[in-house]
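# Observations on chain architecture
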Amino acid sequence: MAFPFVWQVIMSLSTNAEVQSVTPHVWPHRLQWGNYHQVFEQLPFLHQLRTSVVITVIRTAAQLLLCTLAGYAFARMRFRGRGALLGIVLSILMVPAQVYLLSQYQIVKGLGLLDSLGGLVLPGLFSAFGTYLMRTAFLALPQELEEAARLDGANPFQIFWRVMLPLVRPTMSVLAITSVLWSWNELLWPLVVTTYSDHMPLSAGLATLISDRTINYPVVMAASLLAMAPVLVLFILLQRRVIDGLASSGLK
Amino acid sequence: MSSQVQVPGSVGIARRPRRRGDGVWPWLFIAPLLLGIGVFYLWPIAQTVYYSFTTFGVFGGSTFSGLDNYRQLVTDPSLYRSLLNTLLYTLIVLLNIPIALYLASLMNMPGLRFASVYRVIYFLPFVAMPTAVAFVWRIIYNGDFGVLNYLLGLVGINGPYWISTPGAAIVAVAVVGLWSNLGFSIIVLGAGLKTIPQELYEAAQLDGASRWRQFRSVTVPLLTPTIAFLVIITVITSLQLFDLLYAILGSTNPTLSKSMSLVYFFYRSGFVTNDKGYAAAIAVVILFIIGATTAVQFRLQRRWVHGG
């Protein structure tokens, strides 16, 4: 299972000739740490890294805010049309991304946001999945707390923010993790809204390198390891939480 | 604000008309999300359906052309080729579930050491960036210096140029898909295994059931809801194959027109050959295929899912 990762590390420390030798080298003759240095000199790596970080942070923050607000209202407030609106939001979960992609592209193009951070970030700020996830978490909370806060004269926003939100932190971290993963790794949307490699996030930037004929394998290996590293490190640090969160989504 | 008198506690007891709703508050809470969902999801869904009945001009502008796109689509060999490739990919990736079931039950055995290390290793491919792992798979599959063909050569098999041979390419991509899905399935099945009461196994043991028999008569039936969930998720995501295929084959690969998936076919029409009306029709077809397969699976589930 781990072989491709191990092989990738070995290749990233080899010379181009070693990578392309017919008898595989199990271990490079001399470790080529310089390949990692080359990543920053030969590729627009820093630009793309910055783009990836910015879109991931903005999307995750926006999803956390918008999905907890909406999830709370859908779970614990009364208003006309609640059921119907919830149904509409959740129905999006069943629609494959290609169905809205074309038109999202037209909208972003119409706004003049092609090849910009705004265009990259926009549709991913709103998540039907996140709303569903947060609504489920809020539904599980007891009613007494809300009522006590109401007696103390708190307004609905204060109740939400001070009393209820802290109680759904575990689910918020599941939402944050899925949002980070999805945003960091996403390929199709960035490929569609950006044309210049300088404007792309890492996921799309790396994909365009693949078609390059004059490819320097070890440098690209190093680049792809560096591109994966932040998420892999995050995962290893938080693995209990990620795994339990994802597993429970499967048991529902 | 003060006219909005809040009634504490008493809601359930006296069904008074006073707390009928929360006034404008819920709307303030959901408005930002609804606005975004409306503009970036609902409207685009409607618009794509409309696009699928139009022909886009080369210099912008579009004309209503009725069922033209669909008529052209049903006679397009690319549709059937990409559909077949996608189905083949899906079937191969589904094999991850029995493998995961086997590994998850091994990992669930008492006394296994380093279980959490295994879980992390199995799970890594699931969280790793598809375009980044694609590189190493390209090298592993390389026809001239790839380690796969080297190993096959040791046992006397002359491996093909995996990613530039139609037929072989989609299988090669599917193996990577299987590899990256395995961890998720193991985790979900592992969580399912923990919910099976130990007494059932003890009872089975008293009845003299072998390990294999216990697995077949206790583990598998009780896990069918979890397995069903995995099958549905895997089918839905596999039918939308794009990232791995695009990243492993590369956009300039001449085999791509023979090895493409439905979503690649959609992408090519919409953004490479720039026929947005045609792409919209493909998107609608994908929506129907996924909807129909999911509906069929839910129906079939009633037959084989325990308590389903």
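Note that the coordinates shown come from a computational prediction; the quantities given were computed from them, not determined experimentally.

### With respect to the UniProt feature "transmembrane region" (unreviewed entry) in chain B
Residues and elements named next belong to chain B. Mapped onto the present numbering, the UniProt feature "transmembrane region" (unreviewed entry) falls at residues 24-43, 87-108, 120-140, 169-193, 220-249 and 277-296. The span residues 120-140 is 90% helix and 0% strand, and its two end C-alpha atoms sit 23 Å from each other. In residues 169-193, helix accounts for 100% and strand for 0%; the two terminal C-alpha atoms are 35 Å from one another.

### A closer look at helix 3 (residues 34-42) of chain A
Residue and element names in this part refer to chain A. Considered for burial, the residues of helix 3 that qualify are Asn35, Tyr36 and Val39. Projected down its long axis, helix 3 carries its buried residues within an arc of 105 degrees, all on one side. Set apart from the buried face of helix 3 by more than 90 degrees, the exposed residues are His37 and Glu41. Of the surrounding elements, those touching the buried residues of helix 3 are helix 1 (3-12), helix 4 (45-76) and helix 14 (217-237).

### Details of the confidence of the model for chain B
Residues and elements named next belong to chain B. On average, chain B scores 88 in pLDDT, and the residues at 70 or more come to 92%. Taken element by element, the predicted model of chain B shows its lowest mean pLDDT in strand 2 (residues 62-64) (86) and its highest in helix 3 (residues 77-94) (97). Across residues 1-18, confidence stays below pLDDT 50; counting only partners more than four residues off in sequence or on other chains, it has 12 contacts.

### Some thoughts on the pattern of salt bridges
All names here are of chain A. What the rule picks out here adds up to three salt bridges over all chains. Between Arg59 and Glu186 there is a salt bridge; the shortest N-O distance is 3.0 Å. Taken together, the residues span a long stretch of sequence, with Arg59 in helix 4 and Glu186 in the loop between helix 11 (169-185) and helix 12 (188-193) at a distance of 127 residues. For the pair Arg59 and Glu186, a shared accessibility class is recorded, and that class is buried.

### Things to note about the interface of chain A and chain B
Each side of the interface is counted separately: chain A has 92 residues, and chain B has 86 residues. Carbon and sulfur atoms make up 78% of the area that chain A and chain B hide from each other, which totals about 8,100 Å². In terms of surface lost to chain B, no three residues of chain A exceed Met1(A), Arg78(A) and Leu102(A), which account for 10% of the buried area on that side. Between the two partners, chain A and chain B, sit zero salt bridges. Inspection of the chain A/chain B interface yields nine residue pairs in polar contact (both at pLDDT 80 or more). Considering only residue class, the side of chain A that touches chain B consists of 67 nonpolar, 19 polar and six charged.

How each quantity is defined
- The residue count restarts for each chain, going from 1 along the sequence in the order it is written.
- The lettering of chains begins at A and the numbering of ligands begins at 1, in the order of writing.
- Only residues with pLDDT of at least 70 get local features here, since the model is predicted, and only at 80 or more are side-chain atom pairs given and counted; chain-wide, interface and lining totals rely on the full set of residues.
- Neither water nor hydrogens contribute to the side-chain values; these are computed over all heavy atoms in the structure.
- UniProt positions are given in the numbering used here, feature names are shortened, and annotations may be inferred rather than shown by experiment.
- Counting from the N terminus, the helices are the DSSP runs of H or I reaching at least four residues and the strands are the DSSP runs of E reaching at least two.
- The buried label goes to any residue with under 20% of its type's maximum accessible area, the exposed label to any with over 50%, and the partly exposed label to all in between, with areas taken from a 1.4 Å probe on protein chains only.
- Of all possible arcs, the one meant is that of the directions from the helix axis to the C-beta atoms.
- Here, two residues are considered to be in contact whenever any of their heavy atoms come within 4.5 Å of each other.
- The predictor rates its confidence in each residue with pLDDT, a number between 0 and 100.
- Salt bridges are defined as contacts in which a side-chain nitrogen from Lys or Arg sits within 4 Å of a carboxyl oxygen from Asp or Glu.
- The term buried area means the drop in 1.4 Å probe accessible area that two parts suffer when joined, counted for both and summed.
- The definition of a polar contact used here is a pair of N or O atoms within 3.5 Å, where within protein one atom must be able to donate a hydrogen and the other to accept one, and adjacent residues in sequence count solely through side-chain atom pairs.
- Ten residues, namely Ala, Val, Leu, Ile, Met, Phe, Trp, Tyr, Cys and Pro, are considered nonpolar, four, namely Asp, Glu, Lys and Arg, are considered charged, and the remaining ones, Gly among them, are considered polar.

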